[in-house]
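One letter stands for each residue in the lines below.
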Amino acid sequence: MGVDDLKNGHPTKWVYSEGDKSLDGSTISHIVGREDDFIIFFCEDGALSWEHREIPEWAYAGIEQFEKLNCKIPTYLGQIHKKDIKAWMATCLLSVFRSRCHDNQTILACFDDAWDYVNEYESRDILFAGEGFYLFQKEGLLLLQSSKLEPEIGKAFTEASYLSQKAKHSLSGESLSQANRLIASAFSDYEQFDSEDIFSEAKSYIETQVREAAKISYLTVSSIVALVTCIVLLLVYYQADSLSANLRSIVLCGFAGVVGALVSVLQRSSTIQPEPFSSTLLITFQGVIRVFLGIVFGALVPICASAEIALGLAQDNVQALFIVSFFSGVNERFIPDLIEKNVGKSGL
């Protein structure tokens with residue numbers, strides 16, 4: 001740098017190049033920005049530095065915010081987010097020095113995005129803190145933040161992310177949070193990922209909770225569909241005076257079959273094992289089908305009795321037909337077995 005490059009003993013337009021020495025002897029590795037009276041740069045050791053020919057009074061509010069951000073770096077979270085914090089510090093200070101509006105509000109506004117970034121990561125729901133990384137939960141998913149991702153952590157997190165997505169598919173609320181906590185806590189043994197299943201406890205919990213959630217959904221859908229169907233059939237039975245006696249008998253026995261199907265579902269609720277991770281549409285379909293079978297088998301009872309295929313002696317006994325229809329709803333094999341048995345006897 002020659003004498004012509006100096007102004008009042010300082011560089012004009014700060015004609016530093018990357019690799020030059022700054023005024024304090026630091027080696028410049030990257031220049032963020034510069035003008036006639038200032039320069040902002042990163043040093044070889046990663047430090048963020050700046051020089052100003054004569055700091056204006058209005059810039060001190062920005063420099064104060066710059067230093068406050070710098071104080072965040074020594075913290076645990078600050079060390080992980082150090083690179084981003086320094087980038088924000090450099091960008092914001094550059095905005096301050098280049099600002100044409102010198103009121104205090106404008107200067108402070110230059111740091112708004114930087115503080116939004118800091119406040120966002122400080123408010124995260126951190127589930128596990130490791131050396132140079134942490135796991136946090138956001139919108140039901142497990143996420144990873146790392147200053148430098150080690151291969152072992154990366155491999156473990158690939159499976160952890162898959163498990164978290166599976167859990168979110170079927171769980172919610174506290175069950176989902178607990179699943180993510182179990183997945184995150186397994187990272188205390190992430191170094192053994194290749195030699196053992198560190199997520200076994202989390203997998204067991206997720207599968208159990210998903211099965212329970214699927215079971216509850218199935219029982220809820222079956223109960224609601226059965227209730228609505230019963231109301232409709234009763235309205236038809238009592239309001240449709242124009243129906244013949246045979247049709248009224250079919251409607252009433254269909255009602256009995258639905259009630260039987262619902263009793264069957266509730267009775268077997270402890271042993272029902274819906275497929276985990278099934279879609280809500282599939283579970284709804286299964287619940288509707290079970291109620292539909294109750295209607296069909298219940299309605300077939302008076303039809304079979306009238307056709308004398310089975311239960312011919314009870315065709316005029318509404319109470320008997322109602323009870324048989326109820327049991328046909330409870331046991332979906334009752335009517336098929338009964339028809340098969342009687343058809344076989346008659347030689348049809």
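Our structure is the block above this text.
Caption draft 1: The pairing of strand β7 (residues 133-138), seen in detail. Counting buried positions along β7 yields five of six residues, so the element is predominantly enclosed. Two elements, strand β6 (residues 125-130) and β7, share five bridges in a ladder whose sense is antiparallel. In the strand pairing of β7, aspartate 125 is matched with glutamine 137. Taking the residues between adjacent antiparallel strands as the criterion, β6 and β7 are bridged by two residues, where glycine 132 takes a positive phi near 85°. As judged from the six bridges shared by β7 and strand β8 (residues 141-146), these two strands associate in the antiparallel manner. Of the residues in β8, the one forming a bridge with phenylalanine 133 is serine 146. If you look at the hairpin formed by β7 and β8, you'll find two residues sitting between the two strands, and glutamate 139 has a positive phi there, around 55°.

Caption draft 2: Examining helix α5 (residues 112-122) more closely. Buried within α5 are the following residues: Ala114, Trp115, Tyr117, Val118 and Tyr121. Along the axis of α5, the buried positions cluster into a sector of 155°, meaning they face one direction only. In this structure, the buried side of α5 is in contact with α1 (60-70), α2 (76-80), α3 (82-98) and β7.

Caption draft 3: Highlighting the packing of helix α9 (residues 245-267) against helix α11 (residues 318-330). Axis separation between α9 and α11 bottoms out at 6 Å; the angle between their running directions is 35°. Remark: the crossing between α9 and α11 carries right-handed chirality. Along the contact surface, α9 presents Ser249, Leu252, Cys253, Phe255, Ala256, Gly257, Val259, Gly260, Ala261, Val263, Ser264 and Gln267, while α11 presents Val318, Leu321, Phe322, Ser325, Phe326, Gly329 and Val330. Split into classes, the residues belonging to the contact of α9 with α11 amount to 12 nonpolar, seven polar and no charged.

Caption draft 4: Representation of the packing of helix α7 (residues 173-185) against helix α8 (residues 200-239) in the model. In contact at an axis separation of 8 Å, α7 and α8 are set at 165° when each is read in the N-to-C sense. Comparing the axis directions of α7 and α8 gives the class roughly antiparallel. Note on packing geometry: the crossing formed by α7 with α8 is left-handed. On α8, the residues that touch Ser175, Gln178, Ala179, Leu182 and Ile183 of α7 are Glu201, Ala202, Tyr205, Ile206 and Gln209. Per-class residue counts for the contact of α7 with α8 are six nonpolar, three polar and one charged.

Caption draft 5: Spotlight on the sheet that holds strand β4 (residues 38-43). Spatially, the three strands line up as an open sheet ordered β3-β4-β5, and their pairing is antiparallel. Looking at strand neighbours, the two that pair on one side only are β3 (28-34) and β5 (48-52), the edges of this open sheet. Adjacent strand axes in the sheet meet at a mean angle of 25° when their direction is disregarded. Lying on the sheet, α3 is in contact with β3, β4 and β5; it crosses β4 at an angle near 170°.

So, how was this worked out
- Residues numbered from 1 in each chain as written.
- Predicted model: local features only at pLDDT ≥ 70, side-chain atom pairs only at ≥ 80, totals over all residues.
- Heavy atoms only, no water.
- Buried < 20%, exposed > 50% of the residue type's maximum accessible area, 1.4 Å probe, protein only.
- Helix = DSSP H or I, 4+ residues; strand = E, 2+ residues; numbered from the N terminus.
- Pairing = 2+ DSSP bridges.
- Arc of directions from axis to C-beta.
- Contact = heavy atoms within 4.5 Å.
- Axes fitted to C-alpha atoms, helices over the stretch in contact; angles between N-to-C directions.
- Left-handed = near helix turned anticlockwise from the far one by under 90°.
- Nonpolar A, V, L, I, M, F, W, Y, C, P; charged D, E, K, R; others polar.
- Parallel < 35°, antiparallel > 145°, perpendicular 65-115°, else oblique.

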